[in-house]
Amino acid sequence: MSILKIVTDSTADIPTSIIEELDITVVPLNVTFSEGKTYEDGVDLTPAQFYQKLAEEDTIPTTSQPTPFQFEQVYERLGQEGEDVEILSIHLSSKMSGTYQAATIAKNAVDEKVNVTVIDSKRASYATGIIVVELARLVKAGKSRTECIGHLEKLLEETTVYFMVDTLEFLQKNGRIGKASAMLGSLLKIKPILSLTAEGEVYPYEKVRGQKKAINRIIEAFKQQYEDEPIHIGVSHAVSPEVAADLVERIKQEFTVVSEVITDIGPVIGSHVGPGTVSIAVTTAE
């Protein structure tokens, strides 16, 4: 029987306790600030340190993906843990980063040594993380590769994410949406609800006035999709713990929640969405 290993990248924003519990391997992306110093996401720069540093910066930091060589090293190390190791490597949307491509190059380089399958989650932050975590739980429970792959396909199909940003400035400066939209949001105090297309690109789902209305609209959207199904939820936030906690309680009142996770939006995703962002990822539970 093959040994299944789960690999992801730091933009999945999975809490450290869950990473350790489920033996998930995380490859860090990088954040570079204006002084030229580069930090590894989640390794030598925590979310708290990042947002404090961001508040002191005049410019938005840049981000970069891991190198193929970093992935090669990870794959080769995991491949040495047994005679029949298989790796499922699940990553940030290829529409947002070159991380998936770097992992694919590494997979091809180690093909004769270890069996690696690279998956484009077509999502970001804990919308990727919730998929990785549920898959890792199956692996820990001893499910077969066939069962895990089958459920992974279901997770990729049935996981939805919506997120609210305090300002469209970060997305606009990073080229994710048009400048006019950023102006509209700031001038009219609009709370934009954003989501991801099936291809993994950011798109404006709806614009409402105020956070309360935005949350109500997101709840309505989830009800239309999941109805009375049991669900897993993950709420990730950028220095907005109270909003995240309130949101989880609200969702628990409206749905049958099997598991819940509140996590920080890390430095790389935080560089693109900015402080005050709250993201809600939902997937069906068996």
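Here goes a summary of the coordinates provided. This one's a predicted model, so the numbers in the text were calculated from it and none came from an experiment. (Residues numbered from 1 in each chain as written. Predicted model: local features only at pLDDT ≥ 70, side-chain atom pairs only at ≥ 80, totals over all residues. Heavy atoms only, no water.)

With that settled, consider the overall build of the chain. Of the regular secondary structure elements, the chain holds eleven helices and 13 strands. Relative to the compact-globule value of 19 Å for 286 residues, the chain shows a C-alpha radius of gyration of 19 Å, a close match. Across its three principal axes, the chain shows a C-alpha extent of roughly 60 × 50 × 30 Å. Looking at the 286 residues of the chain, the share that counts as buried comes to 52%. Considering only contacts within the chain whose residues lie at least 6 apart along the sequence, 75% involve residues at least 24 apart. Accessible surface, the chain: about 13100 Å² in total, of which carbon and sulfur atoms supply 48%. Between the mean site of the 27 positive side-chain charges and the mean site of the 42 negative ones, the chain shows a separation of 7 Å. (Helix = DSSP H or I, 4+ residues; strand = E, 2+ residues; numbered from the N terminus. Rg over C-alpha atoms; globule rule 2.2 N^0.38 Å. Buried < 20%, exposed > 50% of the residue type's maximum accessible area, 1.4 Å probe, protein only. Contact = heavy atoms within 4.5 Å. Areas by Shrake-Rupley, 256 points an atom, 1.4 Å probe, with all protein chains shown as cover. Lys, Arg positive; Asp, Glu negative; His and termini not counted. Charge placed at Lys NZ, Arg CZ, Asp CG, Glu CD.)

Moving on to the pairing of strand β9 (residues 190–196). Across a regular strand the side chains alternate sides, sitting on one face of the sheet and then on the other. For β9, the buried fraction is high: seven of the seven residues fall into the buried class. Because side chains alternate across β9, one face comprises the buried residues Ile-190, Pro-192, Leu-194 and Leu-196, and the other comprises Lys-191, Ile-193 and Ser-195, equally buried. As judged from the three bridges shared by strand β8 (residues 160–164) and β9, these two strands associate in the antiparallel manner. Opposite Met-164, over in β9, you have Ile-193 as the bridge partner. Pairing of β9 with strand β10 (residues 202–209) involves seven bridges; the strand directions are antiparallel. Directly across from Pro-192, in β10, lies its bridge partner Lys-207. What sits between the antiparallel neighbours β9 and β10 is a turn of five residues, in which Gly-200 has the positive phi angle 95°. (Pairing = 2+ DSSP bridges.)

With 14 residues, helix α6 (residues 145–158) extends 20 Å between its outermost C-alpha atoms, agreeing within 8% with the 20 Å of an ideal straight helix rising 1.5 Å per residue. Those residues of α6 that fall on the buried side of the exposure criterion are Cys-148, Ile-149, His-151, Leu-152 and Leu-155. Buried residues of α6, viewed axially, fall in a sector of 170°; they line one side. Exposed residues lying more than 90 degrees from the buried face of α6 are Thr-146, Glu-153 and Glu-157. Of the surrounding elements, those touching the buried residues of α6 are β1 (3–9), β6 (85–91), β7 (115–120), α5 (126–140) and β13 (278–284). (Expected span 1.5 Å × (residues − 1). Arc of directions from axis to C-beta.)

So, about the environment of Val-26. Position of Val-26 relative to the elements: it lies in strand β2 (residues 24–27). Classification of Val-26 as partly exposed rests on a relative accessible area of 31%. Spatially, the C-alpha atom of Val-26 lies 16 Å from that of Pro-47, the residues being 21 residues apart in sequence.

This next bit is on the nonpolar core. Side chains of nonpolar character tend, in soluble globular proteins, to be buried together. Ile-14 and Ile-24 are the most contacted members of the largest nonpolar core, which has 47 residues in total. By residue number, the principal contributor to this core is α5, which donates nine residues. Apart from the residues within four sequence positions on either side, Ile-14 is in contact with Thr-8, Ile-19, Ile-24, Tyr-126, Gly-129, Val-132, Val-133 and Thr-263. Among the nonpolar cores identified, the runner-up in size contains 22 residues, and Tyr-162, Met-164, Leu-247 and Ile-280 belong to it. (Core = buried A, V, L, I, M, F, W, Y, C linked by side-chain atoms within 4.5 Å.)

What follows concerns the packing of helix α9 (residues 211–226) against helix α10 (residues 241–254). Packing of α9 against α10 brings their axes to within 11 Å, and their N-to-C directions diverge by 40°. As the angle between them shows, α9 and α10 are arranged oblique. Considering how the two elements wind past one another, α9 and α10 form a crossing that is right-handed. Contact with α9, carried on its side by Gln-211, Ile-215, Asn-216, Ile-219 and Lys-223, involves Val-243, Leu-247, Arg-250, Ile-251 and Glu-254 of α10 and no other residues of that element. Among the residues making up the contact of α9 with α10, the classes are represented as five nonpolar, two polar and three charged. (Axes fitted to C-alpha atoms, helices over the stretch in contact; angles between N-to-C directions. Parallel < 35°, antiparallel > 145°, perpendicular 65-115°, else oblique. Left-handed = near helix turned anticlockwise from the far one by under 90°. Nonpolar A, V, L, I, M, F, W, Y, C, P; charged D, E, K, R; others polar.)

This next bit is on the pairing of β1. A large share of β1 lies buried, amounting to six of its seven residues. One ladder, built from four bridges, connects β1 with β2; its direction is parallel. Residue Ile-6 lies in a different strand from β2, and its bridge partner there is Ile-24.

What follows deals with the packing of aromatic side chains. A full pass over the atoms with the stated rule returns seven aromatic pairs. Taken together, a centroid distance of 5.9 Å and an interplanar angle of 85° make the contact between Phe-33 and Tyr-39 edge-to-face. For Tyr-39, a relative accessible area of 11% puts it in the buried group. Relative to Phe-222, the ring of Tyr-162 has its centre 5.3 Å away and its plane inclined at 70°; by these criteria the two rings are edge-to-face. In this pair, Tyr-162 is assigned in strand β8 and Phe-222 in helix α9, connecting sequence segments 60 residues apart. Both residues of the pair, Tyr-162 and Phe-222, belong to the buried class. (Phe/Tyr/Trp six-rings, centres within 6.5 Å; stacked < 30°, edge-to-face > 60°.)

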